[in-house]
Amino acid sequence: MLLYMGQPQEAAPTPLHSVSVAGVVVREDGRLLAIRRADNGTWELPGGILELSETPKAGVAREVWEETGIHVKVDRLTGVYKNTARGIVALVFRCKPSGGTERTSSESTAVSWLTPDEVSERMVEVYAVRLLDALDGNGPHVRSHDGKQLISAG
């Protein structure tokens, strides 16, 4: 039992969140690296759950390589995105390709370098905005969504 202003209060359950990382990999010609996920067929950034023992930048480099075969140099944080429905906080970093060859993995059925217009056409808004935010140079952005739509800041 907690006290708040002298009154007993029930302790709220500790919220559980998952932290993920994703890479906005920008090629010299301005094209952006994207994957089609094997589990649901949606186009997204390469990324995944951050492991307990790794730094966010190391996690981004690992996830991009595992899902696409591309090695990256991680530049900077461009956004923090919370999926309020699932309790996932995603840290998104802008990256430059530094080697490797595109390939699919057990987590991706396609790997492609997309134009910003193709990103908007293929990805749902909550994922496309992460790439577009990374290109505008005004970040880091902080946004929330419910898994389908962005939630207005209030």
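For the structure itself, look to the data block above.
What comes next is a walk through the structure.

Thresholds, definitions, all that
- Residues numbered from 1 in each chain as written.
- Predicted model: local features only at pLDDT ≥ 70, side-chain atom pairs only at ≥ 80, totals over all residues.
- Heavy atoms only, no water.
- Helix = DSSP H or I, 4+ residues; strand = E, 2+ residues; numbered from the N terminus.
- Buried < 20%, exposed > 50% of the residue type's maximum accessible area, 1.4 Å probe, protein only.
- Contact = heavy atoms within 4.5 Å.
- Areas by Shrake-Rupley, 256 points an atom, 1.4 Å probe, with all protein chains shown as cover.
- Pairing = 2+ DSSP bridges.
- Axes fitted to C-alpha atoms, helices over the stretch in contact; angles between N-to-C directions.
- Core = buried A, V, L, I, M, F, W, Y, C linked by side-chain atoms within 4.5 Å.
- Phe/Tyr/Trp six-rings, centres within 6.5 Å; stacked < 30°, edge-to-face > 60°.
- Lys NZ or Arg CZ within 6 Å of the ring centre and 35° of its normal.
- Expected span 1.5 Å × (residues − 1).

**Notes on the overall build of the protein chain**
Piece 1. If you tally the helices and strands in the protein chain, you get three helices and eleven strands.
Piece 2. Evaluated residue by residue, the protein chain yields a buried proportion of 38% over its 154 residues.
Piece 3. Pairs at least 24 residues apart make up 63% of the contacts formed inside the protein chain by residues separated by at least 6 positions.
Piece 4. Split by element, the accessible area of the protein chain, about 8800 Å² in all, is 53% carbon and sulfur.

**Considering the sheet that holds strand 3 (residues 18-25)**
Piece 1. Pairing within the open sheet is mixed, and its six strands lie in the order 6-3-8-7-10-11. With one partner strand each, in any of the chains shown, strand 6 (47-49) and strand 11 (150-151) form the two edges of the open sheet.
Piece 2. The strands touched by helix 1 (residues 56-68) are strand 3, strand 6, strand 7 (70-83) and strand 8 (88-100); relative to strand 7, the strand with the most contacts, the crossing angle is about 110°.
Piece 3. The sheet contacts of helix 3 (residues 125-136) involve strand 3, strand 7, strand 8, strand 10 (141-145) and strand 11, and relative to strand 10 the element is tilted by about 175°.

**So, the nonpolar core**
Piece 1. Val 24, Val 119, Met 123 and Leu 131 are the most contacted members of the largest nonpolar core, which totals 20 residues.
Piece 2. Those elements that place two or more of their residues in this core are strand 3, strand 4 (32-37), strand 8, strand 9 (108-114) and helix 3.
Piece 3. Examining the composition of this core, we find that six residues originate from one element, helix 3, more than from any other.
Piece 4. Look past the residues within four positions of Met 123 in its chain and what remains in contact with it is Ala 34, Trp 43, Glu 44, Leu 45, Ala 128 and Leu 131.

**Quick look at the environment of Arg 76**
Piece 1. Its place among the elements puts Arg 76 in strand 7.
Piece 2. Here Arg 76 falls in the partly exposed class, since its relative accessible area comes to 31%.
Piece 3. A sequence separation of 19 residues divides Arg 76 from Lys 57, and the C-alpha atoms of the two residues are 8.7 Å apart.
Piece 4. Apart from the residues within four sequence positions on either side, Arg 76 is in contact with Val 92, Phe 93, Arg 94, Ala 134 and Gly 137.

**Thoughts on the packing of aromatic side chains**
Each pair of aromatic rings is reported with the distance of its centres and the angle of its planes.
Piece 1. Per the counting criterion, the structure on display carries zero aromatic pairs.
Piece 2. Just above the ring of Trp 65 sits the side chain of Arg 103; from NZ or CZ to the centre is 5.0 Å.
Piece 3. Residue placement shows Arg 122 over the ring face of Trp 43; its charged tip is 4.9 Å from the ring centre.

**Observations regarding the pairing of strand 10**
Piece 1. Where strand 7 and strand 10 come together, five bridges link them in parallel fashion. Of the residues in strand 10, the one forming a bridge with Lys 82 is Ser 144.
Piece 2. In terms of strand pairing, strand 10 meets strand 11 through two bridges, oriented antiparallel. Of the residues in strand 11, the one forming a bridge with His 145 is Leu 150.
Piece 3. The hairpin turn running from strand 10 into strand 11, its antiparallel successor, is four residues long, and Gly 147 in that turn takes a positive phi close to 100°.

**Concerning helix 3**
Piece 1. In a regular helix each residue adds 1.5 Å, so twelve residues correspond to 16 Å; helix 3 covers 16 Å between its end C-alpha atoms and thus fits that length.
Piece 2. Those residues of helix 3 that sit buried are Val 126, Tyr 127, Ala 128, Val 129, Arg 130, Leu 131, Asp 133 and Ala 134.
Piece 3. Gly 137 sits one or two positions beyond helix 3 and adopts a positive phi of about 75°.

**Considerations on the sheet that holds strand 4**
Piece 1. Taking strand neighbours across the sheet as the criterion, the three strands line up as 5-4-9 in an open arrangement whose pairing is antiparallel. Strands with a single pairing partner mark the edges of an open sheet, and in this sheet they are strand 5 (43-44) and strand 9.
Piece 2. With two bridges connecting them, strand 4 and strand 5 associate as antiparallel partners. Residue pairing across strands places Arg 36 opposite Trp 43, the latter belonging to strand 5.
Piece 3. With respect to the sheet, helix 1 is in contact with strand 4 and strand 9, its orientation differing from that of strand 4 by roughly 65°.

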